[in-house]
Amino acid sequence: MKNPELLEKIAARDQKHIWHPLTQHKTAKAPIGIVKAKGALIWDEEGKSYIDGIASWYTAMYGHSHEKITAAVAEQMQQLDFVMFSGFTHEPAVKLSEKLMEILPNNQEKIFFNDNGSTAIDAAIKMGIQYHHNKGKTRDTIIAFEDGFHGDTFGAMSASGISSYNGPFEDFLLKVVRLPVPQKENIDEVLERLNSIVSSHSCLAFVFEPLVQGAAGMKFHSAEGLDKLVKVCQEQDILCIADEIMTGFGKTGKSFACDYLQNLPDIICLSKALTAGMFPLSITSCSQKVFDAFLSDEVSKGFFHSHTYSAHPVGCAAALAGLELFQSEEITQRRQYIAKHHNEFVNRLQHHPKVKNARTIGAILAFEVDVNMDRYGKLRDKLYDFFMERGVNLRPLGNTIYTLPPYVITNDQLQHLYDSIEGALEIV
Ligand SMILES: *Cc1c(COP(=O)(O)O)cnc(C)c1O
């Protein structure tokens with residue numbers, strides 16, 4: 001019998017045994033078989049290349065398969081693949097904690113390791129619940145923004161306000177009250193609403209995506225307003241959990257979106273660009289105040305939460321190499337280049353008759369096409385296909401078109417991305 005791999009493409013073989021995430025398999029088209037990625041480009045099995053306009057969900061910010069990251073990972077694999085993180089520790093984890101302390105907002109003191117964004121959020125929520133429990137209080141309500149997205153495990157899903165696909169699970173979720181995001185126009189109302197929530201509920205934590213809500217369609221809100229909300233919560237000892245899984249590592253212009261705030265969060269969640277697209281790893285960092293609430297002669301007051309692959313040395317090595325790139329002169333310059341050109345492009349888009357609400361912060365650029373469209377409807381698919389035909393991986397969310405390219409995208413590639421976006425406006 002012949003080797004089946006010689007007969008069929010990856011994309012066709014995929015259909016036999018694979019169940020994809022976020023997919024209705026009855027109606028979805030077969031996926032595209034991808035064979036290689038380098039820099040800002042991805043190649044499919046037909047040999048066609050695509051500019052990765054969203055850095056593979058904001059992970060590969062320093063470019064795909066970066067040689068410094070692959071080298072660091074390869075070296076780590078030969079030295080120490082994995083060891084349990086209970087009772088043992090290792091240099092990559094220790095060094096990563098030290099390096100992160102240099103750049104995280106300066107009230108952060110301790111690093112807890114998990115293996116993806118959702119579990120970083122779940123760990124943060126559990127820390128929040130147990131923080132109050134250890135102090136002899138029962139608090140049962142989480143405050144979260146409307147339209148937030150924090151992941152798909154139960155705690156994270158509970159905090160997420162984008163609920164169109166959470167229907168079957170709603171009766172099983174944690175208790176959450178929602179707050180609109182603060183804008184200049186509504187900040188007094190939002191503050192009033194928060195004060196009323198805080199006085200009528202027993203709130204344990206406030207979970208939020210600072211400044212930009214990614215999955216909501218790159219919706220921006222006011223740093224000043226968020227700062228005020230954080231302050232109100234902290235006055236009531238409600239732990240503020242900043243979900244920087246998307247915004248972390250320079251996406252919003254500063255290292256972290258929380259760097260725009262005066263009132264610093266008690267807990268920060270990081271993943272995605274943390275490991276530069278190389279390895280699943282996440283972090284839940286916290287202030288000394290949070291950590292101290294778990295110190296006790298009673299063993300049970302410790303945080304008994306763990307994932308087998310916590311602080312995987314290979315992931316830590318990827319993160320360390322990624323951090324070095326993040327702080328490099330080259331990447332700093334590329335970030336400035338992108339921010340400057342995003343600004344210019346937004347200024348042009350603002351005058352386009354089919355564009356609403358063109359906006360940019362740091363490496364993020366987004367706008368709404370001025371027509372009605374379902375989140376995953378026909379026109380959305382038409383736009384997606386238009387981009388793919390032109391060799392650009394952009395994934396419109398409903399009528400929101402957005403890009404968050406790898407910092408290493410070349411000048412020409414960035415121009416092609418902008419041209420494709422303007423071209424797309426012609427077909428709607
Ligand atoms: C992607 C994302 C998550 C979930 O991370 P996973 O690794 O997919 O579980 C949570 N919050 C935000 C803001 C994200 O962008």
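For the structure, see preceding data.
These lines cover the structure that appears in this document, whether it is placed above or below. (Residues numbered from 1 in each chain as written. Predicted model: local features only at pLDDT ≥ 70, side-chain atom pairs only at ≥ 80, totals over all residues. Heavy atoms only, no water.)

Comments concerning the sheet that holds strand E10 (residues 239–243)
Inference 1: Here we have seven strands laid out as an open sheet, ordered E4-E12-E11-E10-E7-E5-E6, and mixed in their pairing. Two strands lie at the open edges of the sheet, namely strand E4 (108–114) and strand E6 (176–179), each paired on one side alone. Averaged over all neighbouring strand pairs, the angle between strand axes comes to 20 degrees, with direction disregarded.
Inference 2: Relative to E6, strand E5 (residues 141–145) is paired through four bridges, and the arrangement is parallel. If you follow Ala-144 over to E6, its bridge partner there is Arg-178.
Inference 3: With respect to the sheet, helix H8 (residues 187–200) is in contact with E5, E6 and strand E7 (203–208), its orientation differing from that of E6 by roughly 165 degrees.
Inference 4: Strands in contact with helix H9 (residues 223–235) are E5, E6, E7 and E10; relative to E7, the strand with the most contacts, it is inclined by about 160 degrees. (Pairing = 2+ DSSP bridges. Helix = DSSP H or I, 4+ residues; strand = E, 2+ residues; numbered from the N terminus. Axes fitted to C-alpha atoms, helices over the stretch in contact; angles between N-to-C directions. Contact = heavy atoms within 4.5 Å.)

What to know about the packing of helix H4 (residues 67–79) against helix H11 (residues 313–326)
Inference 1: Two elements in contact, H4 and H11, have axes whose closest approach is 8 Å; the angle formed by their N-to-C orientations is 150 degrees. In terms of orientation, H4 and H11 fall into the roughly antiparallel class. For the element pair H4 and H11, the recorded crossing hand is right-handed. Judged by residue contacts, Lys-68, Ile-69, Ala-72, Val-73, Gln-76 and Met-77 of H4 engage Pro-313, Val-314, Ala-317, Ala-318, Ala-321, Gly-322 and Leu-325 from H11.
Inference 2: Residue composition of the contact of H4 with H11, by class: ten nonpolar, two polar and one charged. (Parallel < 35°, antiparallel > 145°, perpendicular 65-115°, else oblique. Left-handed = near helix turned anticlockwise from the far one by under 90°. Nonpolar A, V, L, I, M, F, W, Y, C, P; charged D, E, K, R; others polar.)

Regarding the packing of aromatic side chains
Inference 1: The final tally for this structure, using the stated rule, is twelve aromatic pairs.
Inference 2: Ring plane angle 40 degrees and centroid distance 4.7 Å describe the contact between Phe-206 and Phe-208, whose orientation is recorded as tilted.
Inference 3: Residue class for Phe-206 comes out buried when judged on its relative accessible area of 0%.
Inference 4: Taken together, the ring pairs connect Phe-112, Phe-294 and Phe-303 into an aromatic cluster.
Inference 5: Between Lys-36 and the ring centre of Trp-43, over which it is positioned, the NZ or CZ distance is 4.7 Å.
Inference 6: Sitting over the ring of Tyr-260, Lys-254 keeps its end group 4.9 Å from the ring centre. (Phe/Tyr/Trp six-rings, centres within 6.5 Å; stacked < 30°, edge-to-face > 60°. Buried < 20%, exposed > 50% of the residue type's maximum accessible area, 1.4 Å probe, protein only. Lys NZ or Arg CZ within 6 Å of the ring centre and 35° of its normal.)

What about the pattern of salt bridges?
Inference 1: Here the structure, examined in full by the defined rule, presents 15 salt bridges.
Inference 2: As a salt-bridge pair, Lys-340 and Glu-344 come within 3.6 Å of each other at their nearest N and O atoms. With Lys-340 and Glu-344 both in helix H12 (residues 329–349), this residue pair falls four residues apart, about one helical turn.
Inference 3: On the basis of relative accessible area, Lys-340 is assigned to the partly exposed category, the value being 48%.
Inference 4: Taking the relative accessible area as the measure of exposure, Glu-344 reaches 40% and is therefore partly exposed.
Inference 5: What you see here is one network of salt bridges that share partners, running through Lys-135, Asp-237, Asp-266 and Lys-289. (Salt bridge = Lys/Arg side-chain N within 4 Å of Asp/Glu carboxyl O.)

Notes on the state of the cysteines
Such a bond, covalent and formed between the sulfur atoms of two cysteines, is termed a disulfide.
Inference 1: By the definition in use, this model includes zero disulfides.
Inference 2: Cys-233 takes part in no disulfide bond, and the closest cysteine sulfur, belonging to Cys-240, lies 4.6 Å away.
Inference 3: This cysteine, Cys-286, is not joined by any disulfide, and Cys-269 carries the nearest cysteine sulfur, 10 Å off. (Disulfide = S-S within 2.5 Å.)

Structural notes on the nonpolar core
Inference 1: If you look at the biggest cluster of nonpolar residues, it comprises 97 residues, and the most contacted ones within it are Tyr-62, Leu-96, Leu-100, Ile-143, Phe-206, Phe-249 and Phe-367.
Inference 2: Top contributing element to this core by residue count: H11, with nine residues.
Inference 3: Among the nonpolar cores identified, the runner-up in size contains 25 residues, and Ala-124, Ile-245, Ile-267 and Cys-286 belong to it. (Core = buried A, V, L, I, M, F, W, Y, C linked by side-chain atoms within 4.5 Å.)

Quick word on the site of the ligand
Inference 1: What surrounds the ligand is the set Asn-116, Gly-117, Ser-118, Phe-149, His-150, Gly-151, Glu-209, Asp-243, Ile-245, Met-246 and Lys-272.
Inference 2: One of the backbone N or O atoms of Gly-117 is found 2.8 Å from an oxygen atom in the ligand.
Inference 3: At a separation of 3.4 Å, a nitrogen atom of the ligand approaches a polar backbone atom of Phe-149.
Inference 4: A total of 380 Å² of accessible area belongs to the ligand in isolation, and the protein chains cover 81% of it.
Inference 5: Among the residues making up the shell around the ligand, the classes are represented as three nonpolar, five polar and three charged. (Near = heavy atom within 4 Å. Polar contact = N/O pair within 3.5 Å; in protein donor to acceptor, adjacent residues only side chain to side chain. Areas by Shrake-Rupley, 256 points an atom, 1.4 Å probe, with all protein chains shown as cover.)

A closer look at the packing of H12 against helix H14 (residues 411–426)
Inference 1: Interhelical geometry of H12 versus H14 gives an angle of 20 degrees and a closest axis separation of 11 Å. Taken together, the axis directions place H12 and H14 in an arrangement best described as roughly parallel. As H12 runs across H14, the sense of the crossing is right-handed. Side by side, H12 and H14 meet where Arg-334, Tyr-337, Ile-338, His-341, His-342, Phe-345, Arg-348 and Leu-349 of the first sit next to Asn-411, Leu-414, Tyr-418, Ile-421, Glu-422 and Leu-425 of the second.
Inference 2: Grouping the amino acids of the contact of H12 with H14 by side-chain chemistry returns eight nonpolar, three polar and three charged.

In short, the description is geometric, and any link to function would need to be established separately.
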